[in-house]
Amino acid sequence: MKAIRIHEDGGPEVLRYEDAPDPTPGDGEVLVRLRAAALNRIDLWIRSGRPSVPKPRILGSDGAGERVDNGDRVVINPGLDDGRLIVGEHTDGTDAELIAVPEAYVVPIPDELAFEEAAAFPLVFETAYRMLVTKAQLLEGEWVLVWGIGGGVATASLAIAKALGARVLVTSSSDAKLERARELGADAAVNHASGDVAEAVNQATDGVGVDVVVEHVGEATWRTSLAVVRPGGRVVVCGATSGPNPPAQLHRVWWKQLTIYGSTMGTRKDFAGAFELVKSGRAGPVIDQVFPLAEARAAHERMERGDQFGKIVLRIGD
């Protein structure tokens, strides 16, 4: 089969489109002929060696295609062992023509859901659903601050929050991305490079503050996140792309009686909840651009530049 593999850690230049052995399903596994895969930030981290994984390794966490044994159209839940293991990090991934996956993590999709759409939602929607629903228990009418709209988790957070009847303030350093977010339902938007996030929150919430912060940036945003969340509010952390050691700001935590949740991936229950929102049409992934599998390097380069709004997808096969 054809696959995108890495044989060493590094930049996009280490990606190889090459022949790889067809996978053989083990006990309890099924073989899926993939038709689409989607990029995630984790692909860039693994490729660059954060963490360094056994080589050669097929990248990719998200994928959709057809079961080889019965032809059913399916999507893969990448959070194996209820989110403790991730397809593409702990196993070979979805950037290939075939993959063997535990049957419990292969889920049928309706005919009206295109393979590209199905591949675009799993990891980020599962992550965002766990953050907003399972952890923060977001309520209708509450305000959510989403940093860095355009990325996968951020756009999924916007979609899920709006589906639940919440109000959303998004940030970006790109005015074009902010305008796109408004078209998708964002209630307020601010350029965090040229504007004042705290003032934007103050105006949008009449000085009360946001109820929930979706925090995945870390050092660059943490101080502001704690400053703009309302007393008794919730901050949910799933990553730290700008650095994992921000100023603690502990006085804000106790004085405002904040709850800070750590969250990563999700359980099969989280996946099912996210998938129900997608199947029902209440929320859906935003697809940025579709590349052929052979052009995975260009797809990685686009994500590394931060040009995308939504999910970058790889089309596999005819």
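Since the model is a prediction, treat every value here as computed from it, not as a measurement. Numbering of residues starts from 1 in every chain and runs along the sequence as written. Selection of residues for local features in this predicted model requires a pLDDT of at least 70, selection of side-chain atom pairs for listing and counting requires 80 or more, and totals for whole chains, interfaces and linings are taken over all residues. Only hydrogens and water are removed before side-chain values are computed, so all heavy atoms of the structure are retained for them.

(A) Representation of the sheet that holds strand 1 (residues 2-6). Criterion used throughout: strands pair if DSSP finds at least two bridges between them. Numbering of helices and strands runs from the N terminus, with a helix taken as a DSSP run of H or I at least four residues long and a strand as a DSSP run of E at least two residues long. With antiparallel pairing, 3 strands are arranged side by side in an open sheet as 2-1-4. Either end of the sheet is taken by a strand with one partner, and the two such strands are strand 2 (15-19) and strand 4 (57-58). Here 2 bridges tie strand 1 to strand 4, and the two strands are oriented antiparallel to one another. Counterpart to Ile6 in the pairing with strand 4 is Arg57.

(B) Up close: the packing of helix 4 (residues 122-135) against helix 10 (residues 268-280). With axes taken as lines fitted to C-alpha atoms, and helix axes fitted only over the stretch in contact, angles between N-to-C directions fall between 0 and 180 degrees. Their axes nearest at 8 Å, the elements helix 4 and helix 10 cross at an angle of 105 degrees. When the interaxial angle is binned, helix 4 and helix 10 end up roughly perpendicular. Of helix 10, the residues touching helix 4 (which contributes Pro122, Phe125, Glu126, Tyr129, Arg130 and Thr134) are Asp270, Phe271, Gly273, Ala274, Leu277 and Val278. Residue polarity follows a fixed list, in which Ala, Val, Leu, Ile, Met, Phe, Trp, Tyr, Cys and Pro are nonpolar, Asp, Glu, Lys and Arg are charged, and the others, Gly among them, are polar. Partitioning the contact of helix 4 with helix 10 into residue classes produces 7 nonpolar, 2 polar and 3 charged. Any angle that falls under 35 degrees is termed roughly parallel, while one over 145 is termed roughly antiparallel, one within 65 to 115 roughly perpendicular, and all others oblique. Contacts between residues were defined by any pair of non-hydrogen atoms, one from each residue, lying within 4.5 Å.

(C) View of the packing of helix 4 against helix 5 (residues 152-163). Running from N to C, helix 4 and helix 5 point in directions that differ by 55 degrees, and their axes come no closer than 8 Å. When the axis of helix 4 is compared with that of helix 5, the two are oblique. Judged by the twist between their axes, the crossing of helix 4 over helix 5 is right-handed. Residues Val124, Phe125, Thr127, Ala128, Tyr129, Met131, Leu132 and Val133 of helix 4 form the contact with helix 5, whose participating residues are Gly152, Val153, Ala156, Ser157, Ala159, Ile160 and Ala161. Grouping the constituent residues of the contact of helix 4 with helix 5 by class yields 12 nonpolar, 3 polar and no charged. Handedness of a helix crossing follows the sense of rotation of the near helix relative to the far helix, less than a right angle counterclockwise being left-handed and clockwise being right-handed.

(D) Representation of unusual backbone geometry. That bond from Arg50 to Pro51 is cis: its omega, 5 degrees, falls within 30 degrees of zero. Looking at the element boundaries, Pro51 is found in the loop between helix 1 (41-48) and strand 4. Cis geometry marks the peptide bond from Lys55 to Pro56, where omega comes out at -10 degrees. Tracing the sequence through the fold places Pro56 in the loop between helix 1 and strand 4. At Gln137, a residue that is not glycine, the phi angle is positive and equals roughly 50 degrees. Tracing the backbone through its elements, the reader meets Gln137 in the loop between helix 4 and strand 10 (143-146). The phi angle at Asp206 is positive, at roughly 55 degrees, despite the residue not being glycine.

(E) Inspection of the sheet that holds strand 15 (residues 259-262) at higher detail. Spatial ordering of the open sheet is given by 12-11-10-13-14-15, a layout of 6 strands whose pairing is parallel. Two strands in the sheet have a free side with no partner beyond their single neighbour: strand 12 (188-191) and strand 15. Neighbour-to-neighbour, the strand axes of this sheet turn through a mean angle of 15 degrees, independent of strand direction. Examined bridge by bridge, strand 10 and strand 13 (residues 210-215) share 3 bridges and lie parallel to one another. Counted as the bridge partner of Val146 is Val214 from strand 13. Across the sheet, helix 4 is in contact with strand 10, strand 13, strand 14 (229-237) and strand 15; its angle to strand 13 comes to roughly 150 degrees.

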